[in-house]
Amino acid sequence: MIAHLDRKLFRDLRRLKGQAVAVALVMACGLAMMIMARSLIHSLDDTRADYYRSNRFAEIFASLKRAPNYIIDRIAALPAVAGVQSDISGQVTLDLPSLDEPASGLVRSLPDYGEPELNRLFLRRGRWLNPSSRGELLVGEAFALANKLEPGDSLTLLLNGRRQQFRIAGIVLSPEYIFESRPGAALPDNRTYGIFWMPYKEVATAWDLYGAFNHVSLALAPGASPEPVIAAVDELLKPYGGLGAYGRKDHPSHIRVSDEIRVLTILSIGFPIIFLGVAAFMTNAVLSRLLALQREQIAILKAFGFSNRQIVTHYLKFAGTIGLAGCIGGVIGGALLGRWMVRLYEFFFRFPDLHFRIDRFSVVVALGVGLAAVVTGVFGAVRKAAKLPPAEAMRPEPPANFRASLFERIGLGRWFSHSSRIAVRNLERRPAQALFTVAGLALATALLILPNTLKSGIADILDNQWDVVQRQDLNLGIAEPSSLRITHELERLPGVIHVEPSRAVAVRINFHGKSRQIGLRSLEAGAQHSRAIDYAGREITPASDSLIVSAKLADALGAEVGDDLIVEALEGRRPVRPFRLAALAEDFTGIAAYLDRSSINRFLGEGDVISGASVTIDMTRRAEFLHAIKTIPRISWISIKETLRTSFRNTTAQMMGMLTTLYLTMAVIVAFGVIYNNARITLAERARELATLRVIGMTQREVGSVIVIELGVLALIAVPVGLTLGTFLATLIIHSVNTETVRLPLVFTSYTYTFAVTVVAIASALSSLVVLRKLKQLDLIGALKAPE
């Protein structure tokens, strides 16, 4: 007997293949995104953990001015410290023939003999440094690839004001620089900034630090808490110009990978829930209406001895087969998309070996969730059909109440055609069915809003905010804080139009037990270059001794305008004092605090000194200016706005753009699937009624317009609901995925809404054409036969 039901199952699936494929596609899209995102999380997290373990990535880090090497023994003696690695780091500038602008970087020292105890390097190409040779260095892979450098090539570096030439011995990776960017910068610029490693003796000689160190890394005993050790290290290094110790969770590279994992976690939940919800709606609609059409078949099955359990199992198999097809498609799609995304991550994050590792647990969860979604969507209808007594089921359903619709009762009927009145009456007499259809269409419409909102946010950053907030052409840093006189030297350089001095200092901001180590930057009232803007795009005018902070920083600290934030400088005499929070700035990369330059210098107890400047230049003389800036040894780094914009476009924006395109494609598939599914089911369940209309004299066009008008009315109701729901979901998800390193503004454009409406309209039109074509092929005699 089971074999007979299985044959019926395959006949039903073959007859409803269009609707079944639509449901399976929607489910596959949701599960593919879930499996892709969860597997990427698994791949990134496991690869990072393996890399940290094998290369002994430290857990606490600290920079300082200078400390004698014997301090290392005192640090190693601290409770819970399991290992210590000291080194020297220094900022350098480079003169690359392939670049107009000067490049800069960070040189790190390596032990003259043996491997470092912590933060061990991974050799990608070339060889390790030879202890007996001089003039060699190792180069970080990101910089080497961006500038097409190979082992054996030469580099000219300006080390502490002295110009020296080095040969590249090898290309390496470091667990400290999985994401390689300039200190304090949220965006990478691998063409103009790199990391280099040299023997301790050469670095110490260049910076006159022999027998000393200015950077230290610590490993902790298993299970040890980092906070007490950080406080102890901070206190120990304070007399030596300590710049503030911090844990692994605050390490810039670690934060960037963690932020990506956090974004993937949110996307692995939000999107699949919506997709699977739509799939559940669609499956319920397919099977509920199929059961209504097969009342007599259910009665006959019962009359021939099939039990309620066998009938329930039969229809659950129908839903399960669709669900299984969707799950298989989702697993395959998720694996393919995941492998594609990993190739993108290889250009973004520098791991020795990043492979896509499918998360088997997520596959099991996806199978369970997918099957649960379709079973949940149909279980109530199946249970109701199984409980139907055979004698009652043999009778056709009682005819619906075909009374005049509300529009007709209030006198508007004369303005509608016969086809329109029939369509409206059908919707009114089946409100639950109409509500489910509207819900499905609204969800499909809502899915179309988020991808284009993400695209609009990226475009707003690239084309608008970048120039609104930063109106200079470039920023530059000075090796050591200097007097204001250096600005006059900059003003005399070729092509310079305007120079604005700046001051920046590393600080720790505390508020009610929460803290962040960030850069405190100068911001002047009436400045032509950098400025802060609020959520409404209005410029914020800085006042003396009043702090402006990133809105994201205030959110992380739990602070509001008017609160007093405790600011601790991490250099010099390390003064501490409260500043009133005056305003919140809406920025899109990193987190920062702003104060006017005079207030910063008073806070530090210094005179009128600067640590950098912003410059506007005549772009026709750009090459002259960049050539001249290379000759000033005190300039430690230069950051060109257009170069950063290009870097953002080629990294963060490109990755988010590809993800957005992927989600948009899937959202379009869902929209078409929902609308097509509804149109086909409507035709199947009303075939007898439509055939009757044809027989009593209505034309093919009039009968077809009944279906088309019904679809149109449902779409007109669903689209505004979907646009509102999509706006809410986009707001929720974008606020959730915005991190302390990169954020997107919430931008809703007319294009976003027009695109969603257009997709729904086109899907409705194409589905209507399919239905009208099927309607022409309708067998009137077969449709009007009384069921046996």
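Here the structure is a predicted model, which means the values were calculated and not measured. (Residues numbered from 1 in each chain as written. Predicted model: local features only at pLDDT ≥ 70, side-chain atom pairs only at ≥ 80, totals over all residues. Heavy atoms only, no water.)

Some words on a positive patch on the surface
Operational definition: Every patch collects residues that have over 30% relative accessible area and no salt bridge, joining them within 9 Å if they carry like charges and within 5 Å if they are nonpolar side chains (Val, Leu, Ile, Met, Phe, Trp, Tyr). For every accessible area listed, the method is Shrake-Rupley and the probe measures 1.4 Å; residues are considered covered only by the protein chains on display. Take a side-chain nitrogen of Lys or Arg and a carboxyl oxygen of Asp or Glu: if they are within 4 Å of each other, that pair is a salt bridge. Positive residues here are Lys and Arg, negative ones are Asp and Glu, while His and the chain termini are left out of the count. A charge is said to be at NZ when it belongs to Lys, at CZ for Arg, at CG for Asp and at CD for Glu. Note on conventions: DSSP H or I runs of at least 4 residues are helices, E runs of at least 2 residues are strands, and numbering of each starts at the N terminus.
A cluster of basic residues, Arg 7, Arg 11, Arg 14, Lys 17, Arg 773 and Lys 774, forms a positive patch at the surface. Elements with a minimum of two residues in the positive patch: helix H1 (2–15) and helix H24 (750–776). Take the positive patch: its biggest share by element is 3 residues, from H1. Inspection of the secondary structure puts Arg 7 in helix H1.

A word on the sheet that holds strand S22 (residues 609–617)
To keep things clear, this is the line we draw: Here a strand pair is declared whenever DSSP counts at least two bridges between the two strands. Think of each axis as a best-fit line through the C-alpha atoms, taken over the contacting stretch in the case of a helix, with angles from 0 to 180 degrees between the N-to-C directions.
Taken together, 4 strands build an open sheet; the order of strands is S13-S22-S12-S23 and the sheet is antiparallel. Looking at the sheet topology across the chains shown, the edges are occupied by strand S13 (496–502) and strand S23 (635–640). Strand-to-strand twist in this sheet, taken as the mean axis angle between neighbours without regard to direction, amounts to 25 degrees. Pairing analysis gives 6 bridges linking strand S12 (residues 474–483) to S22, with the strands arranged antiparallel.

Some points on the pattern of salt bridges
Basically, it comes down to this: When a residue's accessible area, from a 1.4 Å probe over protein chains only, is under 20% of the maximum for its type it is buried; when over 50% it is exposed; and in between it is partly exposed.
With the rule as written, the count across this model stands at 28 salt bridges. For Glu 150, the salt bridge goes to Arg 125, with nearest N and O atoms at 3.3 Å. One end of the pair, Glu 150, is in the loop between helix H4 (141–146) and strand S7 (154–159); the other, Arg 125, is in strand S5 (residues 122–126), with 25 residues separating them in the sequence. The shortest N-O distance in the salt bridge between Arg 574 and Glu 568 comes to 3.2 Å. Each member of the pair Arg 574 and Glu 568 is classed as buried. Bridged by salt links that share partners, the residues Asp 234, Arg 508, Glu 568 and Arg 574 form one connected network.

Focus on the packing of aromatic side chains
The test is simple: Here the aromatic set is Phe, Tyr and Trp, taking the six-membered ring for Trp, and pairing holds for ring centres within 6.5 Å; pairs whose planes are under 30 degrees apart are stacked, those over 60 apart are edge-to-face, and all others are tilted. The rule for a charge over a ring is simple: NZ of Lys or CZ of Arg within 6 Å of the ring centre, and within 35 degrees of the ring normal.
Within the structure shown, the criterion is met by 14 aromatic pairs. With a centroid separation of 6.1 Å and an interplanar angle of 65 degrees, the aromatic rings of Tyr 51 and Phe 351 are classed as edge-to-face. Placement of the pair is Tyr 51 in helix H2 (residues 17–54) and Phe 351 in the loop between helix H9 (308–348) and helix H10 (360–386), with a sequence separation of 300 residues. Judged by its relative accessible area of 4%, Phe 351 falls in the buried class. Pairing Phe 57 with Phe 61 gives two aromatic rings, centres 5.4 Å apart and planes at 40 degrees, and the pair type is tilted. By relative accessible area, Phe 61 is classed as buried at 0%. Three or more aromatic residues joined by ring pairs make a cluster, and in this case those are Tyr 52, Phe 57, Phe 61 and Tyr 246. Against the face of Tyr 535 rests Arg 538, its NZ or CZ located 5.8 Å from the ring centre. Sitting over the ring of Phe 579, Arg 577 keeps its end group 3.9 Å from the ring centre.

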